[in-house]
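Here are the chains, one letter per residue:
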Amino acid sequence: MKDERMREQLTSGIFASEGVTRSDRVLHTPGNFAKKYLLYVQEAGTLESLTPHICRRKNLDSYLIFEVLDGKGSITYEDRSYELHPGECIWIDCQQEFTHISSREMPWRLAWIHFNGNCAGEFYSLFRERHDSPVFLPADAGEIRRLLEQVLRGVKEHVKELDIHSLLTQLAAACIRQASEKDMLRDAREYINANFKEQKLPQLLEQRFAVSAGELEALFLDSFGIGLRDYILNRRFNAAKEQLRFSILPVTEVIRESGIGNEDLFYRLFQEYENMCPQEYREKWAQWMKD
C-alpha cells in the first residue's frame, strides 16, 4: 500500500517540479567530523520559478540563506510577510515555520544554501542581534553572490569539507557584517538629513556610529556612489536652494542656515552646478518674487 501511495503521489505531480520550477541543486551528506566540528552544507542550488507555487516548511534542522537574483516574491516568517526584490537576501532558522512564493508577474530566480553545524546557531543569533529583520539588502551584493556560487561549486566538485566550512564561515560573516553596515548607512544618512547644519557633522557621526569618517567615506562611496563629505555638502546645497526658492531669508542668512557657512564656497557651488549666482537662481525659481 505504501508503494502504491508513493506512485500515486509521483504521478499526480505532488513531488514533481516539471513546469513549476527549473533548478540546479546538489544534496550533501556530511561526514561525522564535519557534523561534530564544522559548518556543513545540506543542500545548495539555484532555482527559477516558472509558475507561482507556495513552499511551506517547518521543523527543519537547518539554516537557510538565499538571495533573489531576479524577479520578486514574498516570504512569511515569524508571523510577518516580507516582499523580496532583486539583490535582497534572507537568513532564517528553518525550525520556525516559513512559506515563500514567487510573483506571478515577475517570477523570481534564487540562489540558496541550507546549512548547519558547529556554531551555526551562534552565527544566526549574532546576525539577528545586529539586524532585527531576517531580510536584508547587502552593502555588497557581489560578495554574497560570489560566496553562494563558490559553495555550490565546491559541493558539486566534492572539495574538502574544511574548505566548505571556510566558505560558509565567510558567508555567515559577510551577511552579519553587510546587513549591519547597510543598517548603519541608512541610519547615518537619516542622521545627516536631520542634522546637516552641524559644522562638526563628520565628528558627530564618528561618535554616534563608532566608525571613522574615513571608513564612512568609503562605505558611502561604495553604496551610494558619493562620498560622505560630498553627500553632506550636497544636502546643504539642496537646503540652500530650497531656502532661496521658498523663503525671503537674505543670502547671508541662507549661507548660515544651510550649513554651508562659507560665502566663497556658497557662490562657487551655484556657479559650478547652476551656472549662475545665488541671486539669479532666486530670481529665476522663487515663485514669491513672481506673484
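Before reading on, note that the structure itself is shown above.
Enquirer: How would you summarise the nonpolar core if you had to cite specific residues and measurements?
Expert: Phe66, Trp91 and Ile113 are the most contacted members of the largest nonpolar core, which has 47 residues in total. It is helix H5 (residues 161-195) that contributes the most residues to this core, 9 residues altogether. If near-sequence neighbours (up to four positions away) are discounted, Phe66 is found in contact with Ile75, Leu84, Glu88, Cys89, Ile90, Trp108, Leu110, Ala111 and Trp112. Among the nonpolar cores identified, the runner-up in size contains 15 residues, and Tyr191, Leu201, Phe209 and Leu228 belong to it.

Enquirer: Give a description of a nonpolar patch on the surface that names residues and reports values.
Expert: On the surface, a nonpolar cluster with roughly 340 Å² of combined accessible area is contributed by Phe33, Tyr37 and Leu162. On the secondary structure map, Leu162 appears in helix H5.

Enquirer: Describe the packing of aromatic side chains, and please don't skip the residues or the numbers.
Expert: Within the structure shown, the criterion is met by 18 aromatic pairs. Three or more aromatic residues joined by ring pairs make a cluster, and in this case those are Phe237, Phe266, Tyr267, Phe270, Tyr273, Tyr281 and Trp285. The ring of Phe196 has Arg235 sitting right over it, with the charged end atom 4.2 Å from the ring centre.

Enquirer: Which residues make up the pattern of salt bridges, and what values do they have?
Expert: Counted according to the given criterion, the structure contains 11 salt bridges. Residues Arg25 and Glu43 are paired through a salt bridge, measuring 3.2 Å at the closest nitrogen-oxygen approach. Of this pair, Arg25 sits in strand E1 (residues 21-27) while Glu43 sits in strand E2 (residues 39-49), placing them 18 residues apart in sequence. On the basis of relative accessibility, which here comes to 17%, the residue Glu43 falls in the buried class. Notably, a salt bridge pairs Glu274 with Lys241, separated by 3.1 Å at the nearest N-O pair. Of this pair, Glu274 sits in the loop between helix H10 (263-273) and helix H11 (278-285) while Lys241 is found in helix H8 (residues 228-246), placing the two residues 33 residues apart along the sequence. Judged by its relative accessible area of 22%, Glu274 falls in the partly exposed class.

Enquirer: Account for the environment of Ser180, with residues named and values stated.
Expert: Within the secondary structure, Ser180 is located in helix H5. Exposure remark for Ser180: the relative accessible area of 19% places this residue in the buried category. For Ser180 and Leu69, which are 111 residues apart along the polypeptide, the C-alpha to C-alpha distance reads 21 Å.

Rules used in this analysis
Residues numbered from 1 in each chain as written. Predicted model: local features only at pLDDT ≥ 70, side-chain atom pairs only at ≥ 80, totals over all residues. Heavy atoms only, no water. Core = buried A, V, L, I, M, F, W, Y, C linked by side-chain atoms within 4.5 Å. Buried < 20%, exposed > 50% of the residue type's maximum accessible area, 1.4 Å probe, protein only. Helix = DSSP H or I, 4+ residues; strand = E, 2+ residues; numbered from the N terminus. Contact = heavy atoms within 4.5 Å. Patch = residues over 30% accessible without salt bridge, like charges linked within 9 Å, V, L, I, M, F, W, Y side chains within 5 Å. Areas by Shrake-Rupley, 256 points an atom, 1.4 Å probe, with all protein chains shown as cover. Salt bridge = Lys/Arg side-chain N within 4 Å of Asp/Glu carboxyl O. Phe/Tyr/Trp six-rings, centres within 6.5 Å; stacked < 30°, edge-to-face > 60°. Lys NZ or Arg CZ within 6 Å of the ring centre and 35° of its normal.

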